[in-house]
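Okay, here's what each chain looks like letter by letter:
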Amino acid sequence: MAIENVGAGLAAIGAGIAVGLAGLGAGLAEKDVGAAAVGAMAENEKLFGKGLVMMVIPETIILFGFVIAFMLFGAI
Amino acid sequence: MLKPEPMTRIVLVGSKEALEPTVTLLHDLRVLHLVEYAEGGEPGLSIGSPLQAASAASQKLVKLRSLLRSLGLEERPPGTPVAVREIEGKLEQALVTLDLSVSTRAESRQRVIAVIREKEALIREVEPFVPFDLPLEHLSGYDSIVVLAGTVRHSIANELAELSPEAEVVEVPVSGGLGVLVFAPAELRPQVQRLLGEAGFSEYRIPKGTGLPEDVIGQAHKDVESLREDLARVDEELEGIRRRFADFLLASEEHLAIDVQRAETPLRIATTAHAFVIDGWVPTRRTEELRTGLEAAVGTLVHFELLAEPGKGHVEEPEEEAPVALHNPRPARPFEMLLGLFSTPQYREIDPTIFMFLVFPVFFGLMVGDLGYGAGFIGVGLLILWKIKRSEGWRELARVMILGGIFASLFGALLFAEAFGVPFHPEAGGEGGGLDYSWESVVNLPVHAPVHKLSDTGVKNLLVLSVVAALLHLGLGLVLGFRNELAHSRRHAAAKAAWLLVLFGLFLLLLAIGRWTDVGAWLDRNVFGGLMEPHVVLFGRSMPVIGLALLGIGAVLIAVLEGGLAIMEILSLLANMISYTRLAAIGVAKGAMALAFNTIALPWIFDGGNVGFVAAGVVLGVILHLLVFLLGGLASGIQAIRLNYVEFFLKFFRGGGVPFTPLGAARRYSVRA
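Note that the structure is predicted; figures quoted are calculated from it, not measured.

Scoring rules and cut-offs
- Residues numbered from 1 in each chain as written.
- Chains lettered and ligands numbered in written order.
- Predicted model: local features only at pLDDT ≥ 70, side-chain atom pairs only at ≥ 80, totals over all residues.
- Helix = DSSP H or I, 4+ residues; strand = E, 2+ residues; numbered from the N terminus.
- Rg over C-alpha atoms; globule rule 2.2 N^0.38 Å.
- Buried ≥ 20, exposed ≤ 12 C-beta atoms within 10 Å, placed from the backbone.
- Contact = placed C-beta atoms within 7 Å.
- Nonpolar A, V, L, I, M, F, W, Y, C, P; charged D, E, K, R; others polar.
- Pairing = 2+ DSSP bridges.
- Axes fitted to C-alpha atoms, helices over the stretch in contact; angles between N-to-C directions.
- Domains from an automatic or database assignment.
- pLDDT = per-residue confidence, 0-100.
- Parallel < 35°, antiparallel > 145°, perpendicular 65-115°, else oblique.

Visitor: What is the right way to read the overall build of chain B from this model?
Guide: Of regular secondary structure, chain B possesses 19 helices and 16 strands. Relative to the globule expectation of 26 Å for 673 residues, the C-alpha radius of gyration of chain B, 38 Å, shows a markedly less compact shape. Taken over the C-alpha atoms alone, chain B extends approximately 115 × 90 × 55 Å along its principal axes. Expressed as a percentage of the 673 residues in chain B, the buried residues total 34%. By sequence separation, contacts in chain B at least 24 residues apart represent 78% of the contacts at least 6 residues apart.

Visitor: I keep staring at the overall build of chain A and nothing clicks. Help me out?
Guide: Check the secondary structure of chain A and you find three helices and zero strands. Helices and strands in chain A line up, N terminus first, as α-α-α. For 76 residues, the compact-globule formula gives about 11 Å, and the C-alpha radius of gyration of chain A, at 18 Å, lies well above that figure. Once the C-alpha set of chain A is aligned to its principal axes, its extents read approximately 60 × 15 × 15 Å. Taken across its 76 residues, chain A has 17% of its residues classed as buried. Restricting to contacts in chain A with at least 6 residues of sequence separation, those with at least 24 account for 69%.

Visitor: Got a minute to help me understand the interface of chain A and chain B in this structure?
Guide: For interface size, the figure often reported is the accessible area lost on association. At the junction of the two partners, chain A supplies 13 residues and chain B supplies 16 residues. For the side of chain A that touches chain B, the secondary-structure elements that each account for two or more residues are helix 2 (48-55) and helix 3 (59-74) of chain A. It is helix 3 of chain A that contributes the most residues to the side of chain A that touches chain B, six residues altogether. Grouping the amino acids of the side of chain A that touches chain B by side-chain chemistry returns eight nonpolar, three polar and two charged.

Visitor: Just to check I follow, could you spell out the sheet that holds strand 6 (residues 168-174) of chain B for this structure?
Guide: Whether parallel or antiparallel, the strands of a sheet pair through hydrogen bonds between backbone atoms. All names here are of chain B. With antiparallel pairing, four strands are arranged side by side in an open sheet as 6-7-5-8. In the strand order of this sheet, the two ends are held by strand 6 and strand 8 (202-203), each with one partner. In terms of strand pairing, strand 6 meets strand 7 (residues 177-185) through seven bridges, oriented antiparallel. By the bridge assignment for strand 7, Val170 is matched with Leu181. Relative to the sheet, helix 5 (residues 189-198) contacts strand 5 (145-152) and strand 7, its axis offset from that of strand 5 by approximately 5 degrees.

Visitor: Where do I start with the environment of B:Gly520 in this structure?
Guide: Residue and element names in this part refer to chain B. Mapped onto the elements, Gly520 comes out in helix 14 (residues 518-526). With 24 C-beta atoms counted inside 10 Å, the residue Gly520 sits in the buried group. Note: C-alpha distance between Gly520 and Leu26 (494 residues apart in sequence) is 60 Å. Filtering out sequence-adjacent residues up to four positions away, Gly520 remains in contact with Val464, Leu511, Gly514 and Arg515.

Visitor: Explanation requested: the domain arrangement of chain B in the structure shown.
Guide: With domains assigned, chain B is organised as domain 1 (126-219), domain 2 (327-452 + 581-657) and domain 3 (484-573). With centres defined by C-alpha atoms, the gap from domain 2 of chain B to domain 3 of chain B works out at 32 Å.

Visitor: How do you make sense of the confidence of the model for chain B when you look at a structure like this?
Guide: Detailed reading of predicted coordinates is not advised where the pLDDT is low. Residue and element names in this part refer to chain B. Taken over all residues, the pLDDT of chain B has a mean of 84, while the share at 70 or more is 96%. Looking at the elements of chain B, mean pLDDT is at its lowest for helix 15 (residues 529-532), recorded as 70, and at its highest for helix 9 (residues 353-368), recorded as 94. Between residues 314-319, whose pLDDT stays under 50, and residues either more than four places distant or in other chains, the model counts four contacts. As scored by the predictor, the complex reaches a pTM of 0.75 and an ipTM of 0.75.

Visitor: Hey, could you run me through the packing of helix 18 (residues 582-606) of chain B against helix 19 (residues 611-648) of chain B in this one?
Guide: Geometrically, a packed helix pair is captured by the angle between its two axes and the distance between the axes. Residue and element names in this part refer to chain B. Where helix 18 meets helix 19, the axes come as close as 8 Å, and the angle between the chain directions of the two elements is 175 degrees. Between helix 18 and helix 19, the crossing angle belongs to the class labelled roughly antiparallel. Grouping the amino acids of the contact of helix 18 with helix 19 by side-chain chemistry returns 16 nonpolar, six polar and two charged.

Visitor: Sorry, what's going on with unusual backbone geometry here?
Guide: Peptide bonds are mostly trans, and most non-glycine residues show a negative phi. All names here are of chain B. The phi dihedral of Arg30 is positive, around 50 degrees, even though this residue is not glycine. You can see Arg30 is positioned in the loop between helix 1 (19-29) and strand 2 (33-34). Even without being a glycine, Asp133 presents a positive backbone phi close to 55 degrees. The topology assignment puts Asp133 in the loop between helix 3 (84-126) and strand 5.

Structure below.
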């Protein structure tokens, strides 16, 4: 994948930023949900399943970043 | 295997004379899951009163438990089981004698420890006064003299002499300053204190006592010595008691606890003045056993009636959920525990244990993917099974590890052709990251890797493989969901089918992207060939029309069946599919770690030159590979479980079932004889 011009380089950087920031955003979201889930579990063991599932709901955010990165990659 | 054990609702009605033998029988058989009667449920019925054995057993139990606590025996694994007959014969007497000897010893032990602490505090207090070499009784008890002791930063003798010619001060050097002992007229106390404060005074408490500080300390040390000897003696006596009676006491506690539980059972069932009603669930295959047991124990005093099994014929209260006893072949049992961690399945839905049993080891093996580490996991698992006989939790973990290790070795040997990060054959042309060493110099194994973990093509192949795994796993989940919903709602079942269409459409779109990798090309040619061809160019990529069509039809159906908002979930399904690429990611990451550590350690071993280098290289290599082994195992295990719990279960699992808890308890310390 030889990068031949500045435009392509910028697109690559853009793809990186897209996924990176999306990952950061999802991490921030899951951090709070995860902390709350563990707290709830400490009081009631049965909430483990629901807590785990709710914690990974924000993963869709990463997907949006991934799609953009992907479309940018197509333009290289 | 796919459904939990079939349960039948039963009702036992009998006269109160038969209550005790009935309850005893139920406890011994461990077969009935009681439906508790709530006070005030039916007019004319009320909860019963405890059997006679209860209060005497409870009292003994309290004494026994306090004995166990003072002896510190609470969490011991079981030794040789003690027969119930022996317990019942000896318990009264043992309680009396043991109670006395243990409690007196425990008390004296506490007292000795308290005195030791006092002495040690005294030593600490007196210690700073040793350099002053003045008897302690001269340091306090004056009316007209104030005595102050402590440390200062610099000498205050001159200032003090100015302040009061009668004052006396003793100064000795201590670490970090000067220790001072000041005797001054009582009326000058504030000035003296101010003077000292300016010099950075840090005060000591003046201890009470007689004699020189050294003597006092010496005496205290001697006292502590003899007290410690006393303590050791008491501890030894307690240890002797512990050794002789541990098994008996633990067995007695278990037996009494079971007795008390049995005696309190009537509090949970409905009774009238002369009769009782027991309502509960029994596994269908054991109803006959219960019936014959009842006839033997109480004859016709108790009437035994089976209500229809749920799902067959009329059930009295359909909302009442049957308890769930999972029922899987032996190898899959450890996964029942993993499932229980998440949630117990409902009675009517499919039990996913067997699928976890099939899928988890494959995912784990794919992520670890190394013959050496796989063998390591098998080894550790076997070691645990050999050494740890009593903890069921560890043994189940060991079985899971062995299974995972087998698949890891399989994938490592056949798919990736490497062991401990070193490939079987040196790769041609810079594939595989460029480690110069290979197993070929030691043993030539006739396997060439179809996939090189660390090469460009290898990673892409693994990514496509992960998406295929996503299709299969999520597809299975949706099929199971379809089966689950079919029984009660055609509409939801049709929605699951629509989701299957969406899943397949998304997969074709993803495959279109992955078509230029080896795996993708193979799939394109041999499996999905016809489906990919008619294509349309969108966003600079060619997308198969069939994939888009499936996506579109599925989306419309979902909007119709589940409501318009459900369309957003298509993105989350895509996210779930992409989430499976963690299989590739972790596999490659662990491979890269192993490569890095090999690149550090192997040159030391093979090109080192002298023995020192080689030895250091071996040690380094072992430590680093141990690190990869542990981290890799942990990460792979957790991610494999997470893919099951979250992505897979989300497609069909409801959970929230009631686990089957029969009356009675397993005996670990005692045995009924």
